[in-house]
Amino acid sequence: MIIRLVGNTWRYEMEKLSMAFFPDRKFQILEPGKPEPEHLDPNQPVITVVRKEDSVTVTYQDEDRKKASVEPLREGTDPELAAGRALYNTLSAVTGLRPKWGILTGVRPSKVMRNHLRTETDKEAISYFENALYVDPKKAALAHTVARAEDVIIADSTPESCSLYISIPFCPNRCTYCSFVSHSIGSPSAKKLFPQYYEKLLQEVERTGEISAECGLTLRSIYIGGGTPSTLSSEQISGLLQCISRSFDLSSCSEFTFEAGRPDTTTAEKLRAIKEGGADRISINPQSMTDDILQSVGRNHTVEDIKRTFREAREAGFQNINMDLIAGLPGDDPENFRRSLMEVLDLDPESVTVHTLAIKRSASLIPTEELFSRGNETSEMVDTSSELLYNNGYAPYYMYRQARSVGNLENVGWAKPGMESRYNVYMMEECHTILACGAGAVTKLKRPDSDDIHRLFNYKYPYEYINRFGALMEQKRQILEFHRESHS
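Fair warning: this is a prediction, and the values are worked out from it, not measured in the lab.

With respect to the overall build of the protein
Consideration 1: Along the backbone of the protein there are 17 helices and 18 strands.
Consideration 2: Taking 23 Å as the expected radius of gyration for a compact globule of 488 residues, we find that the protein reaches 24 Å, a close match to that expectation.
Consideration 3: Expressed as a percentage of the 488 residues in the protein, the buried residues total 57%.
Consideration 4: Considering only intrachain contacts with a sequence separation of at least 6, the fraction spanning at least 24 residues in the protein is 72%.
Consideration 5: Total accessible area on the protein stands at roughly 21,000 Å², and carbon and sulfur atoms take up 47% of it.

So this is what it looks like as structure tokens:
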């Protein structure tokens, strides 16, 4: 499909919004002043976005149809938002779809809501979402609820605050829906890489702790993710957590999360090592409570394994456990998803995160028209989760969206009062510095009293991380330089 831009350069927003209507299509963007590709398929549908002085017009044309919408540009009108509304109306007329997040294309709808709440009343901000951004009223209310919950957590963040993320990019195997860089821990290459990776990771944690102290940063939360951190042995878990305790002042750290997401990698011994090492929050991620679905997506564990791991976590002393589910998995349906959620609620975790299946091109799950067409079913699953979680004493406290999610829906973290994951909010809303260690990890340096974020990217693959570790450690100096510049 072709998107032709005339008199504007709104490439990102026009493509992302078009994907909400045509998630299974690839787009060619034709921008003004740039040469067109030599071989354009004349049979492709074309979306044309034309900005004039007083209006924006969006036209869709294929072999059978032509639809257009016009938005006037009055004084004070944001031309790009007007283009979004025109594109939304045009593609709604073509497809019959009205995506529930309207013209919002960003990852963080609650951040947009929070920005409006700085200068507007609750009613005005919600009205803006519904009327200017075409957001469904239930989604606008969700964004408002999450924004207010985030405000409470963000209020504890100061210019000196930071959080720590540690990446363990190894898994027992790769789930079919996963697009993250991870290595099967049982493969010969991973077995060879892992000891070196672990050694380098401890060195990076130590150096990052030294830099944090030099900068006068205050550690507020820690998150060990992946991959699957519970692929570490109990001895390696103990060694990593001891390294963190030696390297950082944990006196102000209010939350320490360890992802023990895969029951096929988690034992009672490992859970005890995690708890004794100082982590007070874990995530056990079933994704579904149906054995056939687990098997079909590459999860090498059963529902009984999930329940066993949960019991063992309680026995180890964990009083803050999160569980993840995915709405829209192949083979699932609304009734079965409801049953899965009820089984999770019977375990009584402190928080539940409901993800919408996102179909990534780098995942092994093959993108099909059938998967993308399940938006209504998946939306019903998400609505069911809202109903059941609200009724069982949970409230939404953070959320984000991903490209090519089925039904253009969202991922939402739900928690019992006082059990929200602070790290999730700090990371998603970018309200303070996130120091990151390990392959694929991204340090986000936050400038005080500004929304500016400076990112430092660690090497993506474990072999790069090992082979170029010297350069990576040299890059760490940028944290000190950034901090000196920000406080000068």
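Quick look at the packing of aromatic side chains
Consideration 1: If you walk through the whole model with that rule in mind, you get 15 aromatic pairs.
Consideration 2: Taking 5.6 Å as the distance between ring centres and 75° as the angle between the ring planes, the aromatic pair formed by Phe 21 and Tyr 88 counts as edge-to-face. Here Phe 21 is found in helix 1 (residues 11–21), whereas its partner Tyr 88 is found in helix 2 (residues 79–95), with 67 residues between them in sequence.
Consideration 3: Residue class for Tyr 88 comes out buried when judged on its relative accessible area of 1%.
Consideration 4: Summarising the aromatic geometry, the rings of Tyr 165 and Tyr 423 are spaced 6.4 Å apart at their centres and angled 20° between planes, so their arrangement reads as stacked. Placement of the pair is Tyr 165 in strand 6 (residues 161–168) and Tyr 423 in helix 14 (residues 422–429), with a sequence separation of 258 residues. The same class applies to Tyr 165 as to Tyr 423, namely buried.
Consideration 5: Ring pairing ties together the aromatic residues Phe 170, Phe 194, Tyr 197, Tyr 198, Tyr 465 and Phe 469, which thus form one cluster.
Consideration 6: Its guanidinium or amino end placed over the ring of Phe 318, Lys 275 lies 5.9 Å from that ring's centre, counting from NZ or CZ.

Thoughts on the pattern of salt bridges
Consideration 1: By the definition in use, this model includes 31 salt bridges.
Consideration 2: The partner of Lys 111 in a salt bridge is Glu 430, and the shortest N-O contact between them spans 3.7 Å. Remark: Glu 430 occurs in the loop between helix 14 and strand 16 (433–437) and Lys 111 occurs in helix 3 (residues 109–117); sequence separation between them is 319 residues. The residues Lys 111 and Glu 430 share a single accessibility class, namely buried.
Consideration 3: Notably, a salt bridge pairs Arg 339 with Glu 343, separated by 2.3 Å at the nearest N-O pair. Within this pair, Arg 339 and its partner Glu 343 are both found in helix 11 (residues 334–347), separated by 4 residues, close to a single helical turn.
Consideration 4: Residue Glu 343 is classed as buried on the basis of its relative accessible area of 18%.

Side note on helix 3
Consideration 1: Judged by how many residues are buried, helix 3 sits mostly within the fold: 7 of 9 residues are covered.
Consideration 2: Within helix 3, burial applies to Pro 109, Ser 110, Lys 111, Met 113, Arg 114, His 116 and Leu 117.
Consideration 3: Buried-residue contacts for helix 3 involve helix 4 (122–131), helix 5 (137–154), strand 14 (395–401) and helix 14.

Regarding the nonpolar core
Consideration 1: The biggest cluster of nonpolar side chains holds 117 residues, and the ones touching the most others in it are Ile 166, Ile 224, Leu 240 and Ile 244.
Consideration 2: For this core, the leading source of residues is helix 6 (residues 188–215), giving 10 residues.
Consideration 3: Excluding residues that lie within four positions of it along the chain, Ile 224 makes contacts with Ile 166, Ile 168, Pro 229, Leu 240, Leu 241, Ile 244, Phe 256, Thr 257, Phe 258 and Glu 259.

Brief notes about the packing of helix 5 against helix 14
Consideration 1: Where helix 5 meets helix 14, the axes come as close as 10 Å, and the angle between the chain directions of the two elements is 100°. Here helix 14 runs roughly perpendicular to helix 5, going by the angle between their axes. Residues Glu 150, Ile 153 and Ile 154 of helix 5 pack against Arg 422, Val 425, Tyr 426 and Glu 429 of helix 14.
Consideration 2: Across the contact of helix 5 with helix 14, the residue classes break down as 4 nonpolar, no polar and 3 charged.

Describing the pairing of strand 9 (residues 218–226)
Consideration 1: Across the 9 residues that make up strand 9, a large majority, 7, are buried.
Consideration 2: When strand 6 meets strand 9, the two strands line up parallel, connected through 8 bridges. Among the inter-strand pairings, Ile 166 is bridged to a residue of strand 9, identified as Ile 224.
Consideration 3: Here 4 bridges tie strand 9 to strand 10 (residues 255–259), and the two strands are oriented parallel to one another. Bridge pairing in strand 10 places Ile 222 opposite Phe 256.

Considering unusual backbone geometry
Consideration 1: The step from Gly 226 to Gly 227 runs through a cis peptide bond, and the omega angle for that step is 15°.
Consideration 2: Topologically, Gly 227 is positioned in the loop between strand 9 and helix 7 (234–247).
Consideration 3: Even without glycine at this site, Asp 348 takes up a positive phi of about 65°.
Consideration 4: Positionally, Asp 348 belongs in the loop between helix 11 and strand 13 (351–356).
Consideration 5: With a relative accessible area of 37%, Asp 348 lands in the partly exposed category.

Overview of the environment of Ser 189
Consideration 1: Assignment of secondary structure puts Ser 189 in helix 6.
Consideration 2: Residue Ser 189 is classed as partly exposed on the basis of its relative accessible area of 41%.
Consideration 3: Considering only alpha carbons, one finds Ser 189 and Thr 384, 195 residues apart in sequence, at a separation of 43 Å.

Let's talk about the pairing of strand 17 (residues 442–446)
Consideration 1: Counting buried positions along strand 17 gives 4 out of 5 residues, so the element sits mostly inside the fold.
Consideration 2: Bridging between strand 17 and strand 18 (residues 453–457) involves 5 bridges; their strand directions are antiparallel. Among the inter-strand pairings, Lys 444 is bridged to a residue of strand 18, identified as Arg 455.
Consideration 3: Connecting strand 17 to the next strand, strand 18, in antiparallel fashion are 6 residues, including Asp 449 with a positive phi near 60°.

Some points on the side chain of Arg 422
Consideration 1: Checked against the element boundaries, Arg 422 lands in helix 14.
Consideration 2: Arg 422 gets classed as buried once you look at its relative accessible area, which sits at 18%.
Consideration 3: Residues contacting Arg 422, with those up to four places away along its chain left out, are Ile 153, Asp 156, Ser 254 and Glu 255.

Details of the sheet that holds strand 5 (residues 66–72)
Consideration 1: Reading across the sheet, the 5 strands line up as 2-1-3-4-5 and stay open at both edges, with mixed pairing between neighbours. Among the strands making up the open sheet, the edge pair consists of strand 2 (28–30) and strand 5. Recorded for the sheet is a direction-independent mean angle of 15° between the axes of neighbouring strands.
Consideration 2: Relative to strand 3 (residues 46–51), strand 1 (residues 2–6) is paired through 5 bridges, and the arrangement is parallel. Each residue of the ladder has a partner; that of Leu 5, found in strand 3, is Val 49.
Consideration 3: With respect to the sheet, helix 1 is in contact with strand 1, strand 2 and strand 3, its orientation differing from that of strand 1 by roughly 145°.
Consideration 4: Contacts from helix 2 reach strand 3, strand 4 (55–61) and strand 5 within the one sheet, and its direction differs from that of strand 4 by about 30°.

About the thresholds
Residues numbered from 1 in each chain as written. Predicted model: local features only at pLDDT ≥ 70, side-chain atom pairs only at ≥ 80, totals over all residues. Heavy atoms only, no water. Helix = DSSP H or I, 4+ residues; strand = E, 2+ residues; numbered from the N terminus. Rg over C-alpha atoms; globule rule 2.2 N^0.38 Å. Buried < 20%, exposed > 50% of the residue type's maximum accessible area, 1.4 Å probe, protein only. Contact = heavy atoms within 4.5 Å. Areas by Shrake-Rupley, 256 points an atom, 1.4 Å probe, with all protein chains shown as cover. Phe/Tyr/Trp six-rings, centres within 6.5 Å; stacked < 30°, edge-to-face > 60°. Lys NZ or Arg CZ within 6 Å of the ring centre and 35° of its normal. Salt bridge = Lys/Arg side-chain N within 4 Å of Asp/Glu carboxyl O. Core = buried A, V, L, I, M, F, W, Y, C linked by side-chain atoms within 4.5 Å. Axes fitted to C-alpha atoms, helices over the stretch in contact; angles between N-to-C directions. Parallel < 35°, antiparallel > 145°, perpendicular 65-115°, else oblique. Nonpolar A, V, L, I, M, F, W, Y, C, P; charged D, E, K, R; others polar. Pairing = 2+ DSSP bridges.

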